[in-house]
Amino acid sequence: MNASRRPALNVLLAAPRGFCAGVDRAIQIVELALAKFGAPVYVRHEIVHNRYVVESLKAKGAVFVEELSEIPDTDQPVIFSAHGVPKSVPAAAKSRNLFAIDATCPLVFKVHMEAARHYAEGCKIVLIGHAGHPEVEGTTGQLPEGAVTLIQSAADAWAFEAEDPNRLAYVTQTTLSVDDTAEIVAILRERFPAIVGPHKEDICYATTNRQAAVKAIAGKVCLTLVVGAPNSSNSLRLVEVAQRAGCPKAILIQRASDIPWEELDGLSGVGITAGASAPETLVDEVIAALRDRFEVTIEQVTTASERIAFNVPRELREPAA
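Keep in mind that this is a model prediction, so the values were computed, not measured. (Residues numbered from 1 in each chain as written. Predicted model: local features only at pLDDT ≥ 70, side-chain atom pairs only at ≥ 80, totals over all residues. Heavy atoms only, no water.)

On to the nonpolar core, then. Side chains that are nonpolar tend, in soluble globular proteins, to be buried together. In terms of nonpolar packing, the biggest core is built from 28 residues, with Val30, Ile47, Val48, Leu57 and Ile79 touching the most fellow members. Contacts of Ile47, omitting those with residues within four sequence positions, involve Ala26, Val30, Val53, Leu57, Phe64, Ile79, Phe80, Ser81, Ala82, His83 and Ala103. Grouped together as the second largest cluster of nonpolar side chains are 25 residues, Leu9, Ile253, Ala256 and Leu282 included. (Core = buried A, V, L, I, M, F, W, Y, C linked by side-chain atoms within 4.5 Å. Buried < 20%, exposed > 50% of the residue type's maximum accessible area, 1.4 Å probe, protein only. Contact = heavy atoms within 4.5 Å.)

This is how it looks when you write it as structure tokens:
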């Protein structure tokens, strides 16, 4: 297309976007394990919810499995994903003498500790989250069966019946909609005034920051592109948040090849963000694809700055024997 005839397109780029500290750490753990111990390195479940990241690590020698039973007897590292795992998984790894390395995000681990502490104090645990998500399965699996009740919606919160309203505590998945979760917590507090919550919000800083950044651009564009994976909770929440914050249409795309070009016809501006497990290289790819068709101007809208980093496990910090 002739550059002079390309239509103008203003891109509002949300910041923060993309990788959070927990995702960064999890990917580092796999890469350091490969560098230190060589291939193969086994990873239970997708290390983070992003196909591009998973395929990149596969190419370097990571082998992804859903269950430990798929892993042969080996001395090679076995890594648990950033989403956390039920207690039964490390126990099973130990029984097989597998060399396990836990890449659970420290902020997810905090939720595990909270749930265990409240349970030890005699509380019934209410977990606000999405059924089937690996993080929810990991948190539920910290406690005996039946100790945790999952609440997914405001309707669930209204319907929930407590055995003892004075012995209740709640924790949440770290990647939920901030607004939806606040509504559910408000209902639980109204119905059960004695319910105990976390000292500090369970929804992680990265989820909160990315949702706030999307809200800042949503009302200024007619379309928001969210770079992320269809099984990524925080990416799906960004689509919802954009629409609720006034953007007529928000679409999840995995990479540039998914851009629905017909949706951009006649638009003067679009918003772009990325879920916490989407690498910046995919955002760059989307912008490059837009530049091929439009005269693009980019305006970054920054609502917070992030300087958080988490240490990798000690086994990977020490030099090889």
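Attention now moves to the sheet that holds strand E6 (residues 124-128). Here we have 3 strands laid out as an open sheet, ordered E7-E6-E8, and parallel in their pairing. The open sheet has two edge strands with one neighbour each: strand E7 (148-151) and strand E8 (168-172). Between one strand and the next, the sheet's axes are offset by a mean angle of 25°, whatever the strand orientation. Relative to E8, E6 runs parallel, the two being bridged by 5 bridges. Bridge pairing links Lys124 to Leu168 in E8. Where helix H4 (residues 106-120) meets the sheet, it contacts E6 and E8, and its direction lies at approximately 170° from that of E8. (Pairing = 2+ DSSP bridges. Helix = DSSP H or I, 4+ residues; strand = E, 2+ residues; numbered from the N terminus. Axes fitted to C-alpha atoms, helices over the stretch in contact; angles between N-to-C directions.)

As summarised here, the arrangement of the 4 strands in space is E3-E2-E4-E5, forming an open sheet in which the pairing is parallel. Strands at the two margins of the open sheet, each flanked by one partner only, are strand E3 (62-65) and strand E5 (99-102). Across the sheet, the mean angle from the axis of one strand to that of its neighbour is 30°, orientation sign disregarded. In this sheet, E3 lies alongside strand E2 (residues 41-44) in parallel orientation, the contact comprising 4 bridges. Among the inter-strand pairings, Val41 is bridged to a residue of E3, identified as Ala62.

Moving on, we come to the pairing of E7. Summarising the sheet, E6 and E7 pair through 4 bridges and their orientation is parallel. Counted as the bridge partner of Leu127 is Leu150 from E7. Crossover connection from E6 via helix H5 (residues 134-140) to parallel E7: handedness right-handed. (Right-handed = clockwise from strand over helix to strand, strands pointing away.)

Take helix H1 (residues 21-37) next. Side chains that are three or four residues apart share a direction in an α-helix, a result of its 3.6 residues per turn. Between its first and last C-alpha, H1 extends 24 Å over 17 residues, near the 24 Å set by a 1.5 Å rise per residue. Just downstream of H1 lies Gly38, where phi reads positive at about 75°. (Expected span 1.5 Å × (residues − 1).)

Moving on: unusual backbone geometry. Residue Pro16 is reached from Ala15 by a cis peptide bond, and omega for that bond is 5°. Following the sequence through the fold, Pro16 ends up in the loop between strand E1 (8-15) and H1. Non-glycine residue His45 carries a positive phi angle of around 70°. Positive phi is not limited to glycine here, since Asn97 has a value of about 55°. Assessed through its relative accessible area of 67%, Asn97 is described here as exposed.

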